[in-house]
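Examination of the molecular architecture
Spelled out, the chains give:
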Amino acid sequence: MNPTVILSIVSAVVFTATLIVLLVRKKDVSLSTDVFVPLSLSIVLYGFITLSNSLEHSGITDFFDPIEDIAEIVFTLMYLFFVNNWRKDRSETRFRDLFRFAPISLAEVTTTGSIIRINDNMIKKMDLFFDIKNHEYLTLDDLLSHTHKDEHRETMTMSWKKSLELSYKTGSSIPPSELEITIKDGTKRTLIVGANIIDENYLFSMIDITEQKQTEQSLRESETRFKALHNASFGGITIHDKGIILECNQGLSDITGYTSQELIGMNGLLLISEKTRDMVMKNILAGYEKPYEAIGLKKNGEEFPLRLEARNIPYKGKNVRTVEFRDITEAKNAEAEKEKLKSQLLQAQKIESLGRLAGGVAHDFNNMLSVILGYTELTLEKIDENNPIRKDLNEVHRAAKRSADITRQLLAFARQQTVAPKILDLNDTIESMLKMLRRLIGEDIDLVWNPGTTLWPVLMDPSQVDQIMANLCVNSRDAINGVGKITIETQNIHFDNEKPDCQPDSVCGDYVQLTVSDNGKGMTPEIIENLFEPFFTTKDINKGTGLGLATVYGIVKQNKGFIRVNSELSLGAVFRICLPRHYGDVVAPVKTVKAGDTCGNETILLVEDEPSILHMTTTMLKKLGYTVLYASTASDAIKLSKNHGSSIDLVMTDVIMPEMNGRELVEILQTEYPNIKRLFMSGYTADVISKHGVLDEGVEFIQKPFTMHDLAAGVRRALD
């Protein structure tokens with residue numbers, strides 16, 4: 001029975017009992033008269049208002065005391081009932097307001113699926129997401145059918161219904177779960193959906209977390225990018241607190257050899273060599289923020305040059321330091337290589353300067369030496385063997401030859417020596433020199449010859465091979481104190497991917513290596529560094545000019561080769577000369593012109609702008625039996641050739657002359673004498689007849705200063 005009805009009946013009974021009391025009480029009985037006014041709203045009774053009046057009577061008061069007690073209890077219950085209903089009404093009002101204006105979407109649904117009420121946020125979402133305008137008579141099936149519009153709609157709907165049935169039976173709630181839906185504009189939204197049991201109904205809740213998910217995704221992507229950049233840094237990056245590593249990237253692991261797990265929590269000072277550890281710790285304590293260099297220490301104990309740069313930053317409530325570790329080994333090597341190239345450039349500039357100096361003075365100097373040598377030879381032939389002047393003339397001749405050798409060495413060093421390359425087998429060329437080399441080094445030194453098998457040919461002037469071998473063997477001889485050994489070896493060698501060391505301008509490929517080693521006193525690194533500089537020598541005064549190894553260097557470079565030197569004190573020295581392999585057949589050696597074959601009776605046109613040399617050379621040629629037409633200028637030579645009645649067999653001309661050079665003169669003469677032979681003479685190389693000192697094909701050349709024997713051999717070679 002309804003509690004309100006029961007309360008009304010009880011009130012009526014109490015009211016009736018009170019009236020009876022008023023009728024039957026005697027005058028001496030004390031009565032209390034109460035009138036009850038019911039309080040109700042609509043059909044709901046909330047309580048009564050009591051109106052009381054007291055009268056003094058006697059008699060049956062005790063009889064009515066229990067009834068008064070009951071009335072008081074009833075009145076109290078009625079008061080409590082009123083207060084409870086009032087509080088309940090206020091609670092329901094607050095609940096309705098909270099439900100309606102809640103910031104999440106809410107819907108109250110019966111167990112049969114009928115939606116009792118939905119809040120404003122749910123209405124807004126349904127309009128926005130599903131375009132549902134009519135919310136009356138909406139059922140759970142309708143809502144689920146709009147929510148799941150893909151191929152999984154039926155499966156998802158059935159799953160929800162089963163979850164609701166299980167929740168109702170067990171009295172438990174449906175835990176919130178994520179759900180991705182496609183709304184009316186085709187975009188995806190992510191929701192969190194759950195349900196709770198309230199009384200006998202379900203309270204559905206729905207929260208749109210799309211923006212939150214997008215923010216989380218952006219944060220994840222940002223973190224991924226940061227980690228990628230962090231680990232892709234060109235150096236090691238770490239965050240440390242007074243040296244203890246808190247975080248680090250993969251770069252630090254790559255540099256040091258430690259794993260990331262080993263590095264975290266490690267004292268970062270262990271990554272610094274003891275040589276610079278104190279300096280680094282001092283910078284940490286001082287908060288130093290400028291880049292500086294230190295020496296790093298890898299896990300395997302290897303030290304390496306390191307560049308450090310730090311910043312003081314806040315991190316998790318602390319002031320810590322972030323540091324970039326940069327392995328600068330390559331930079332240091334590049335710097336060293338740069339210094340090496342700079343040194344080589346300075347060396348090349350010195351060589352070039354010396355070459356220009358040598359080229360500038362060689363012409364006039366060699367002209368003077370030619371006169372001295374030539375006239376000395378002519379005079380020696382005229383005087384008797386017992387003449388006391390002959391001894392003095394021999395000294396003059398020897399001094400002139402030594403001067404000519406020095407000039408020739410300077411030209412060789414400066415790569416201005418005129419050469420006539422031939423395809424050679426180095427084994428054959430060196431074999432023919434062994435007897436001369438043994439005389440050169442003396443009997444106390446053993447000369448060992450180890451020729452390589454099937455040696456590749458090289459393209460080189462044979463006289464340059466003679467100069468290389470003589471200078472290297474003399475250098476080794478002077479490094480040996482007393483008894484010793486010099487070893488000469490040849491072999492084929494190939495350089496693959498790496499360029500030959502010590503020569504950055506050399507190229508990979510096939511080379512023929514000539515090695516000359518000795519067991520002498522050896523050299524320090526400082527001596528090796530200056531070894532090929534002109535006039536540098538460690539020998540005593542008057543025991544060397546300092547041009548021997550400079551000459552070797554110039555010859556090797558002129559032939560596009562390179563030279564390597566290894567030496568230590570007391571362990572001797574090893575010189576390895578690598579000459580490019582030539583792809584061609586070895587030619588037969590040129591036959592030496594014998595003394596008896598140097599004379600002739602042909603007609604020679606001699607052109608020389610220096611009068612003394614012109615006169616001297618004319619005299620020599622006539623003594624050799626030749627008919628000589630001589631001229632001091634090119635124009636005089638052309639006139640002389642035109643006025644000469646018979647043929648001219650050979651034109652012998654200086655290369656550098658005032659009016660025109662020797663090649664141009666020869667080209668003019670060849671128009672009149674097509675078969676005329678040619679012989680050029682000069683004190684230094686010139687691109688007129690050669691390219692970088694290498695004679696053009698078919699060009700004969702004689703180097704000033706020359707002896708009468710050199711002249712005779714050169715003329716005969718050109719004519720024949």
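**Description of the overall build of the chain**
Looking only at helices and strands, the chain has 20 helices and 26 strands in total. Residue burial in the chain is summarised as follows: out of 720 residues, 42% are buried. Residue pairs at least 24 apart in sequence account for 60% of intrachain contacts in the chain once pairs closer than 6 positions are excluded.

**Some remarks on the sheet that holds strand β12 (residues 318–327)**
Sheet strands pair via backbone hydrogen bonds, and the direction of the pair is either parallel or antiparallel. Spatial ordering of the open sheet is given by β9-β8-β12-β11-β10, a layout of five strands whose pairing is antiparallel. A strand with exactly one partner marks an edge of an open sheet, and here the two such strands are β9 (244–248) and β10 (292–297). Taken pair by pair, the neighbouring strands of this sheet meet at an average axis angle of 40°, ignoring direction. Two elements, strand β8 (residues 236–241) and β12, share five bridges in a ladder whose sense is antiparallel. Residue pairing across strands places T238 opposite V323, the latter belonging to β12. Against the sheet, helix α9 (residues 274–286) touches β8, β10, β11 (303–315) and β12, its axis set at about 125° to β10.

**Some details on the sheet that holds strand β19 (residues 573–580)**
Read across the sheet, five strands follow the order β14-β16-β17-β19-β18 without closing on themselves; strand pairing throughout is mixed. Sheet topology places β14 (445–450) and β18 (562–567) at the edges, where each strand pairs with a single neighbour. For this sheet the average axis-to-axis angle between neighbouring strands, irrespective of direction, equals 20°. Here strand β16 (residues 484–495) runs beside strand β17 (residues 509–518); their pairing, made up of 10 bridges, is antiparallel. Looking across to β17, one finds that N492 is bridged to V512.

**Comments concerning helix α13 (residues 434–441)**
Inspection of α13 places L434, L437 and I441 among the buried residues, and these make up the whole buried set. Along the axis of α13, the buried positions cluster into a sector of 60°, meaning they face one direction only. Along α13, the residues that are exposed and aim more than 90 degrees away from the buried face are K435 and R439. Lining the buried residues of α13 we find α12 (426–431), β14, α14 (462–479) and β16.

**Here's the deal with helix α20 (residues 708–719)**
Since the α-helix advances by 3.6 residues per turn, residues separated by three or four positions end up pointing in the same direction. Here α20 is 12 residues long and its end C-alpha atoms lie 17 Å apart, about the 16 Å a rise of 1.5 Å per residue gives. Judged by how many residues are buried, α20 sits mostly within the fold: nine of 12 residues are covered. Those residues of α20 not exposed but buried are M708, L711, A712, A713, G714, V715, R716, A718 and L719.

**Thoughts on the pattern of salt bridges**
Oppositely charged side chains can form a pair if their charged atoms are brought close together. Across all of its chains, the model carries 23 salt bridges by this definition. K704 is paired through a salt bridge with D654; the nearest N and O atoms lie 3.6 Å apart. Of the two residues, K704 sits in the loop between β26 (701–703) and α20 while D654 sits in strand β22 (residues 650–654), which places them 50 residues apart along the sequence. Exposure class is identical for K704 and D654. Each is buried.

**A word on the packing of aromatic side chains**
Summed over all chains, the structure comprises four aromatic pairs. Summarising the aromatic geometry, the rings of Y288 and Y292 are spaced 5.8 Å apart at their centres and angled 65° between planes, so their arrangement reads as edge-to-face. When the ring of Y511 is compared with that of F562, the centres are 5.1 Å apart and the planes differ by 70°; the resulting orientation is edge-to-face. With Y511 in strand β17 and F562 in strand β18, the pair connects residues that are 51 residues apart, well separated along the chain. You can call Y511 buried: its relative accessible area is 3%. A residue is classified by how much of its surface remains accessible, and F562, at 1% relative accessible area, is buried. An aromatic cluster of at least three residues, connected via ring pairs, comprises F495, Y511 and F562.

**Details of the packing of helix α18 (residues 634–643) against helix α19 (residues 662–672)**
The contact between α18 and α19 brings their axes to 11 Å, and the two run at 10°. Classified by the interaxial angle, the pair formed by α18 and α19 is roughly parallel. Note on element contacts: α19 touches α18 through L665, I668, L669 and E672, opposite A634, A637, I638, S641 and K642. Partitioning the contact of α18 with α19 into residue classes produces six nonpolar, one polar and two charged.

**Examining the pairing of β18**
With five of six residues buried, β18 is to be regarded as a mostly interior element. Sheet analysis places β18 next to β19, joined by six bridges and oriented antiparallel. By the bridge assignment, R564 is partnered in β19 with R576. The antiparallel pairing of β18 with β19 creates a hairpin that spans five residues between the two strands, and S570 there sits at a positive phi of about 70°.

**Some remarks on the nonpolar core**
Formed by 39 residues in total, the largest nonpolar core has its most connected members in I430, I468, M469, I488, F575 and I577. With sequence-adjacent residues up to four places away left out, I488 is seen in contact with I430, L437, L447, V448, W449, N450, M469, C473, L514, T515 and V516.

**Some words on unusual backbone geometry**
Across residues other than glycine, the phi torsion is negative in most instances, and most of the peptide bonds are trans. Backbone torsion omega between K704 and P705 reads -10°, so that peptide bond is classified as cis. Here P705 shows up in the loop between β26 and α20. Positive phi outside glycine occurs at K316, with the angle close to 50°. Looking at the element boundaries, K316 is found in the loop between β11 and β12. In this structure, T454 is a non-glycine residue whose phi angle is positive, near 45°. Looking at the secondary structure, you find T454 in the loop between β14 and β15 (458–460). Exposure remark for T454: the relative accessible area of 69% places this residue in the exposed category.

**Concerning the confidence of the model for the chain**
For the chain, the mean per-residue pLDDT works out to 77, and 72% of the residues sit at or above 70. The low-confidence segment residues 39–47 (pLDDT under 50) makes 21 contacts with residues lying over four places distant or belonging to another chain. In the predicted structure, residues 55–61 sits below a pLDDT of 50 and forms 26 contacts with residues beyond four places in sequence or in another chain.

**Section: the pairing of β22**
With five of five residues buried, β22 lies mostly within the body of the structure. Of the two faces of β22, both are covered, the one formed by L650, M652 and D654 as well as the one formed by V651 and T653. Pairing of strand β20 (residues 603–607) with β22 involves four bridges; the strand directions are parallel. The residue bridging L605 from the neighbouring strand is V651, located in β22. Handedness of the β-α-β unit built from β22, α19 and strand β23 (residues 677–682) comes out right-handed.

**Some points on the packing of helix α17 (residues 611–623) against α20**
The N-to-C vectors of α17 and α20 enclose an angle of 65°; their axes lie 10 Å apart at closest approach. Between α17 and α20, the angle falls in the class roughly perpendicular. Relative to α20, α17 is oriented so that their crossing is right-handed. Across from T617, M620, L621 and K623 in α17, the residues of α20 making contact are M708, L711 and V715.

**Here's the deal with the side chain of E108**
Note on placement: E108 falls in strand β3 (residues 105–109). The exposure class of E108 is buried, given its relative accessible area of 11%. Among residues more than four places away in sequence, those in contact with E108 are F99, S114, I115, I116, R117, N201, Y202 and L203.

The rules behind the values
- Residues numbered from 1 in each chain as written.
- Predicted model: local features only at pLDDT ≥ 70, side-chain atom pairs only at ≥ 80, totals over all residues.
- Heavy atoms only, no water.
- Helix = DSSP H or I, 4+ residues; strand = E, 2+ residues; numbered from the N terminus.
- Buried < 20%, exposed > 50% of the residue type's maximum accessible area, 1.4 Å probe, protein only.
- Contact = heavy atoms within 4.5 Å.
- Pairing = 2+ DSSP bridges.
- Axes fitted to C-alpha atoms, helices over the stretch in contact; angles between N-to-C directions.
- Arc of directions from axis to C-beta.
- Expected span 1.5 Å × (residues − 1).
- Salt bridge = Lys/Arg side-chain N within 4 Å of Asp/Glu carboxyl O.
- Phe/Tyr/Trp six-rings, centres within 6.5 Å; stacked < 30°, edge-to-face > 60°.
- Parallel < 35°, antiparallel > 145°, perpendicular 65-115°, else oblique.
- Nonpolar A, V, L, I, M, F, W, Y, C, P; charged D, E, K, R; others polar.
- Core = buried A, V, L, I, M, F, W, Y, C linked by side-chain atoms within 4.5 Å.
- pLDDT = per-residue confidence, 0-100.
- Right-handed = clockwise from strand over helix to strand, strands pointing away.
- Left-handed = near helix turned anticlockwise from the far one by under 90°.

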